[in-house]
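# Structural description and commentary
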Amino acid sequence: MYRDRSGPQDAGNDSPRWNLMHQLPLALALSLYFALACFTVGNVGVVGEVAAGWKAGPPPMVAVSLSSEPTWSGPYAQPNAGSSLGFLKASQTRPMEYLRLGPFHVPLALNSYTGAIADWPARLLHAATGSWRLVMALHLLLGAGLIGLVHRFALTWAGPRAAGLASMLLASDWSFVYYRKVLSGIELALQLGLILFLWGLWKHRQGGRSRSLVAAGLGIGLMAKITFLPVLLASLLALVLVRPGKGGRRSRHPRAGMKRLVLGVGLLLLPLLVSLLHHQLFLAGDLEVRSHDNLSLQWSRVLDGLGSMVGGKAPAREDIFNLLYFLGEPLDWFVPALGAEVVPRWGLALRLLGWSFVLLGLAVAWRPRSEGADGRDALLRFLSVALPLQLLFLFACNRDIHHLGQVSPVLALLGGLALERCSSVQAASSVRRCSLGVVLALPLVLAGVSSLVRTDGVLQGITAPTFSRQGQASLVQMLREQGVRELWTSDYDLYGVFEVLMPRLKVRHAWGAVSTGRRRDDLTLGILRAARGGHWLIVRPTAPMIYNLHPSTSRVVSLAADIGMQVREVARLQDERGTWARLLEVGADGNRSQ
């Protein structure tokens, strides 16, 4: 018979029937998760900057200067603005640090604050199969593992009913399912690190041995991305504020244990440390790209975000209301971020109803109790302080909604425990508690399913089809029909896309040079000179960004004529808003392109 000595002695655990059935909710949750993953969010294309971390082969070619001949971001082409130290290669664009082992490129750091190890499984799979759909399937399978881990966490500390509710909430959470199909292993590692860290933290407060769990969570989270720091600090602050449980046991050899913890975390952080040293020592003064991959620009974005909270201006994707979108209707995020049409908000009423039940459960857990704190109530009180702090700290650093999605598992845990606590007030028997808990969870589950089902319809109405699978397929078809062999792009959203969808196409990206903010006409001339005999693809941008250049065809033709070149538009793609993609054929000097 199942009994976790460190967890709560729930009445439902005493029944042999529960020992056979408490895994059934997990099976139902996983079935729902895979159904939603397979039949919703089918119109999202390849996210290029994400694919740059897991795609097989060399990194995308990005020009950081077009003043004379192109200067490339990495040491794989001449002239370059990167650095080579034996097998180590430093670049100005993703991946910013990697190993060159003969024909193999092994990323160590995607940028100055993001490690690359979490994407190694996907990279191996892509190298073996060449299929980005299988990479997506891998991330979905790993997401199912996270649902299982959340279920086990709740089962250990709050019993089978809370575990079943938490797993159902996570399986139907829009952010969790959507970003499994859009983002990479980095976000999975962040969520895994957070769950393990919280588990170790709670086990320590209950008097158990937890150093391995804390070290694993800390190392995995920081290895994935430095933005793990906000949720780490928020969790520790919540533990200090709530002061739950018994307190950890004193280690017999605290110094030795601390050394092992520091050594383990240090090893996982080694790739980021190597990248930092390589860039600081050998690329100092040679950074030409103005990219959010560099800490300097990322820090300025943080300051801009903080300023926008008191009336300043922030990027469209970092709208001041993103926190409300995350907790309410996440599809609303596509309106300011990608120019989608206004979406129906009837699902918001379901979420408000569901969160009211969660708040009722929190009120029950926080009420004074003469008989002492129940283990589930203590954990629920801790999560009710930790989650708001995590969201607040993340929101202060970066308000893009996918950063907030990092805490989706914690949100599901909080919801599952609170709904179980709410159901226990009105129902005495285990069966009635279970039934009532499911009823109370339905509004949140149905709201999540509704948002996922409607996502593809929202994506069809965005201003830039380059984000959608359908739009990317149209671009690929156009390039193939025109027999394009060498292509230049000047839009950041195309970075890494064709390298995955058309691996034999020779693609060159100009967004690095565009980001420097030089005169647009000079940049246009630079691309024309570099693209002689090839093609230039100009697309409608998803949002105003420093990376994008999209001059009119007439302006390009006029500038080309001034330097004795011939350019003509050979194909275009249109939607209800007009032309969104133009393919220009760039002729050689003095020769008319026919």
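Residues numbered from 1 in each chain as written. Predicted model: local features only at pLDDT ≥ 70, side-chain atom pairs only at ≥ 80, totals over all residues. Heavy atoms only, no water.

### Considerations on the overall build of the protein chain
Regarding its fold elements, the protein chain presents 24 helices and 12 strands. Counting over 594 residues, the protein chain shows a buried share of 58%. Taking the contacts inside the protein chain whose residues are at least 6 apart along the sequence as the reference set, 71% of them involve residues at least 24 apart. Accessible area for the protein chain stands at about 24900 Å²; split by element, carbon and sulfur atoms hold 61% of it. (Helix = DSSP H or I, 4+ residues; strand = E, 2+ residues; numbered from the N terminus. Buried < 20%, exposed > 50% of the residue type's maximum accessible area, 1.4 Å probe, protein only. Contact = heavy atoms within 4.5 Å. Areas by Shrake-Rupley, 256 points an atom, 1.4 Å probe, with all protein chains shown as cover.)

### Digging into empty space enclosed by the protein
Following the criterion strictly, the structure yields 4 cavities of 30 Å³ or more and no others. Reported here for the largest cavity is a volume of approximately 220 Å³. Residue lining of the largest cavity: 16 residues in total, with Leu 169, Asp 173, Trp 355, Leu 411 and Leu 444 positioned closest to the centre. Elements that contribute at least two residues to the lining of the largest cavity include exactly helix 7 (174–182), helix 13 (322–327), helix 15 (346–366), helix 18 (408–426) and helix 19 (430–459). Ranked by residue count, the leading element in the lining of the largest cavity is helix 18, at 4 residues. (1 Å grid on protein atoms, 1.4 Å probe; cavity = no way out; pocket = protein on both sides within 12 Å on 5 of 7 lines; lining within 4 Å. Points joined across faces, edges and corners; volume = space filled by probe spheres on them.)

### Concerning the sheet that holds strand 6 (residues 104–111)
The strand order 3-4-5-6-7 describes an open sheet built from 5 strands, whose pairing is antiparallel. Each of the sheet's edge strands pairs with one partner strand only, and the pair in question is strand 3 (83–85) and strand 7 (114–115). Where strand 5 (residues 97–101) and strand 6 come together, 5 bridges link them in antiparallel fashion. Following the sheet pairing, Arg 100 is matched in strand 6 by His 105. (Pairing = 2+ DSSP bridges.)

### With respect to the sheet that holds strand 11 (residues 567–575)
Neighbouring strands of a sheet are bound in pairs by backbone hydrogen bonds; such pairs are parallel or else antiparallel. The 5 strands lie next to each other as 9-8-10-12-11, forming an open sheet whose pairing is mixed. With one partner strand each, in any of the chains shown, strand 9 (506–509) and strand 11 form the two edges of the open sheet. Across the sheet, the mean angle from the axis of one strand to that of its neighbour is 25 degrees, orientation sign disregarded. Judged from the 4 bridges that link them, strand 8 (residues 486–489) and strand 9 form a sheet pairing that is parallel. (Axes fitted to C-alpha atoms, helices over the stretch in contact; angles between N-to-C directions.)

### A look at the side chain of Ser 65
You can see Ser 65 is positioned in strand 1 (residues 63–65). Here Ser 67 takes part through its side chain, which lies 3.4 Å from a polar atom of the side chain of Ser 65. With sequence-adjacent residues up to four places away left out, Ser 65 is seen in contact with Pro 70, Thr 71, Glu 288 and Ala 513. (Polar contact = N/O pair within 3.5 Å; in protein donor to acceptor, adjacent residues only side chain to side chain.)

### A look at the environment of Leu 232
Note on placement: Leu 232 falls in helix 10 (residues 228–242). For Leu 232, a relative accessible area of 9% translates into the label buried. Through-space distance from the C-alpha of Leu 232 to that of Phe 393 is 9.7 Å; in sequence the pair is 161 residues apart. With residues near it in sequence (within four places) discarded, Leu 232 still touches Phe 197 and Leu 218.

### Re the nonpolar core
Grouped together as the largest cluster of nonpolar side chains are 122 residues, with contacts concentrated most on Tyr 178, Phe 334 and Phe 382. With 15 residues, the top contributor of residues to this core is helix 5 (residues 132–158). In this structure, Phe 334 is in contact with Trp 174, Tyr 178, Gly 339, Ala 340, Val 458, Leu 459 and Phe 467, ignoring residues within four places of it in sequence. One finds Trp 72, Ile 527, Ala 531 and Val 586 within the second-largest nonpolar core, a separate group that totals 26 residues. (Core = buried A, V, L, I, M, F, W, Y, C linked by side-chain atoms within 4.5 Å.)

### Focus: the confidence of the model for the protein chain
Atomic detail in the predicted coordinates should be set aside for any region of low pLDDT. Averaged over the protein chain, the pLDDT score is 88; the fraction of residues at 70 or greater is 88%. Scored below 50 in pLDDT, residues 1–18 makes 37 contacts in the model with residues more than four places away or belonging to other chains. (pLDDT = per-residue confidence, 0-100.)

### What to know about the pairing of strand 6
Along strand 6, 6 of the 8 residues are buried, which leaves the element largely enclosed by surrounding structure. In textbook terms, the turn of a hairpin is the stretch between consecutive antiparallel strands, and for strand 5 and strand 6 this stretch comprises 2 residues, one of which, Gly 102, has a positive phi near 65 degrees. Inspection of the sheet shows strand 6 paired to strand 7 by 2 bridges, in the antiparallel sense. Counterpart to Asn 111 in the pairing with strand 7 is Thr 114.

### Points about a nonpolar patch on the surface
A cluster of nonpolar side chains, contributed by Leu 85, Leu 277, Leu 281 and Phe 282, occupies part of the molecular surface with about 410 Å² of accessible area. Ranked by residues supplied to the nonpolar patch, first place goes to helix 11 (residues 254–282) with 3 residues. Inspection of the secondary structure assignment puts Leu 85 in strand 3. Its relative accessible area of 35% is what places Leu 85 among the partly exposed residues. (Patch = residues over 30% accessible without salt bridge, like charges linked within 9 Å, V, L, I, M, F, W, Y side chains within 5 Å. Salt bridge = Lys/Arg side-chain N within 4 Å of Asp/Glu carboxyl O.)

### What to know about the packing of aromatic side chains
In the structure shown here, the tally under the stated rule is 16 aromatic pairs. On the basis of an interplanar angle of 50 degrees and a centroid distance of 5.9 Å, the ring pair of Tyr 33 and Phe 176 is categorised as tilted. A residue pair is termed long-range when its members are at least 10 positions apart, and Tyr 33 in helix 2 (residues 24–39) and Phe 176 in helix 7 qualify at 143 residues. Accessibility classification places Tyr 33 together with Phe 176 in one group, the buried group. Ring plane angle 65 degrees and centroid distance 5.3 Å describe the contact between Tyr 495 and Trp 511, whose orientation is recorded as edge-to-face. In this pair, Tyr 495 is assigned in the loop between strand 8 and helix 21 (497–501) and Trp 511 in helix 22 (residues 511–514), connecting sequence segments 16 residues apart. Judged by relative accessible area, which is 0%, Trp 511 ranks as buried. Within the aromatic cluster, the residues linked to one another by ring pairs are Trp 174, Tyr 178, Tyr 179, Trp 333 and Phe 334. Sitting over the ring of Trp 366, Arg 381 keeps its end group 5.8 Å from the ring centre. (Phe/Tyr/Trp six-rings, centres within 6.5 Å; stacked < 30°, edge-to-face > 60°. Lys NZ or Arg CZ within 6 Å of the ring centre and 35° of its normal.)

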